[in-house]
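Residue-level structure breakdown
Here is what each chain is made of, one letter per residue.
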Amino acid sequence: MRETPEDLKELQALLDASLSRSTSHLRSIINTERTLTAKQLTQILTGMCTLALSTVTAKGEPRISGVDGHFLHGKWHFGTARGAAKARHLAARPAISAAHMRGEDLGVFTHGTVEILNPQHGERAADWPDLLAYFKDFYGDDFFDWDNDVVYYRLQPHWMTVYAPDVDKLTAASRS
């Protein structure tokens, strides 16, 4: 777990606010008995988690694709090739939705905007050196030309909710 107490406090406030302003239909499915706390969520979302990421084309058409998601400091981080269609979409329209699902056991749904962490010709995020060290450790130092091949993003969420129908089973599985 890489989250600071402040990260957990911010994430918990987001989870609580998102659920409270959701529709009654969603709250009938996801309620306090079928969700996770920020601390539980960060203990479960370790390593690489496949995300279904939704972007929008210039014509306003939705596009969904898969990315390697890493939940660090209470936020999703992911990368793609600099020349990928999703990179063009995100450069022009940074609003996205992301979902991580594990069968019927877990669903994490997030809406927000992306921040580019390592622009090719611009100032990198202040925490990029630490994130780059994490990604190189995960993927290998020579997996990419980290400066030219890939662009990494942080999803700044404005809404996030978690569906976990059997919290005890899910948290027990994460400890084993």
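Look up: the structure comes first, before these words.
Below, the structure is looked at part by part. (Residues numbered from 1 in each chain as written. Predicted model: local features only at pLDDT ≥ 70, side-chain atom pairs only at ≥ 80, totals over all residues. Heavy atoms only, no water.)

**Section: the pairing of strand E2 (residues 62-72)**
Two strands pair when backbone bridges link them, and strand E1 (residues 48-56) and E2 are joined in this way by nine bridges, in the antiparallel orientation. Looking at E2, one finds that serine 54 is bridged to isoleucine 64. As consecutive antiparallel partners, E1 and E2 are separated by five residues, and within that stretch glycine 60 has a phi angle of approximately 80 degrees, a positive value. Across four bridges, E2 lies against strand E3 (residues 75-81) in antiparallel orientation. Across the sheet, the residue bridging to glycine 69 is phenylalanine 78, located in E3. Taking the residues between adjacent antiparallel strands as the criterion, E2 and E3 are bridged by two residues, where histidine 73 takes a positive phi near 55 degrees. (Pairing = 2+ DSSP bridges. Helix = DSSP H or I, 4+ residues; strand = E, 2+ residues; numbered from the N terminus.)

**Re the pattern of salt bridges**
Using the criterion set out here, one finds seven salt bridges in the structure. A salt bridge links glutamate 61 to arginine 63, with the nearest nitrogen and oxygen atoms 3.0 Å apart. Under the relative-accessibility criterion, arginine 63 is labelled partly exposed at 39%. Here arginine 154 makes a salt bridge to glutamate 115, at a shortest N to O gap of 2.9 Å. (Salt bridge = Lys/Arg side-chain N within 4 Å of Asp/Glu carboxyl O. Buried < 20%, exposed > 50% of the residue type's maximum accessible area, 1.4 Å probe, protein only.)

**Overview of the packing of aromatic side chains**
Here the distance between the centres and the angle between the planes together describe a pair of aromatic rings. With the rule as written, the count across this model stands at eleven aromatic pairs. Ring geometry for phenylalanine 138 against tyrosine 139: centres 4.8 Å apart, planes inclined by 75 degrees, an arrangement best described as edge-to-face. A relative accessible area of 18% places tyrosine 139 in the buried class. Between tyrosine 139 and phenylalanine 144 the ring centres are 6.2 Å apart and the planes differ by 65 degrees, which places this aromatic pair in the edge-to-face class. Here a set of aromatic residues connected by ring pairs shows up, and it is made of Trp128, Tyr134, Phe135, Phe138, Tyr139, Phe144, Trp146 and Tyr152. (Phe/Tyr/Trp six-rings, centres within 6.5 Å; stacked < 30°, edge-to-face > 60°.)

**Some points on unusual backbone geometry**
A positive phi angle, close to 55 degrees, is found at histidine 73, a residue other than glycine. Its place among the elements puts histidine 73 in the loop between E2 and E3.

**Examining the side chain of threonine 161**
Relative to the assigned elements, threonine 161 resides in strand E6 (residues 150-163). Judged by its relative accessible area of 3%, threonine 161 is buried. Beyond its immediate sequence surroundings of up to four residues, threonine 161 is in contact with Leu15, Leu19, Leu26, Ile30, Gly107, Val108 and Phe109. (Contact = heavy atoms within 4.5 Å.)

**Description of the environment of threonine 42**
Positionally, threonine 42 belongs in helix H3 (residues 38-44). By relative accessible area, which is 3% here, threonine 42 ends up buried. Measuring from C-alpha to C-alpha, the distance between threonine 42 and tyrosine 139 comes to 21 Å, with 97 residues separating the pair along the chain. Of the polar contacts made by the side chain of threonine 42, one reaches the backbone oxygen of lysine 39; its length is 2.9 Å. (Polar contact = N/O pair within 3.5 Å; in protein donor to acceptor, adjacent residues only side chain to side chain.)

**Details of the environment of aspartate 16**
Along the chain, the position of aspartate 16 falls in helix H1 (residues 5-20). Overall, aspartate 16 belongs to the partly exposed group, its relative accessible area being 47%. With 108 residues separating them along the chain, aspartate 16 and arginine 124 place their C-alpha atoms 31 Å apart.

**Section: the side chain of threonine 110**
Topologically, threonine 110 is positioned in strand E5 (residues 106-116). Separated by 3.5 Å, the side chains of threonine 110 and tryptophan 76 make a polar contact.

**What to know about the layout of surface pockets**
Roughly 150 Å³ of internal volume is contained in the largest pocket. Gln12, Leu15, Asp16, Leu19, Thr32, Thr35, Leu36, Thr37, Thr161, Val162 and Val167 together form the lining of the largest pocket. When contributions to the lining of the largest pocket are tallied by element, the ones reaching two or more residues are H1 and E6. (1 Å grid on protein atoms, 1.4 Å probe; cavity = no way out; pocket = protein on both sides within 12 Å on 5 of 7 lines; lining within 4 Å. Points joined across faces, edges and corners; volume = space filled by probe spheres on them.)

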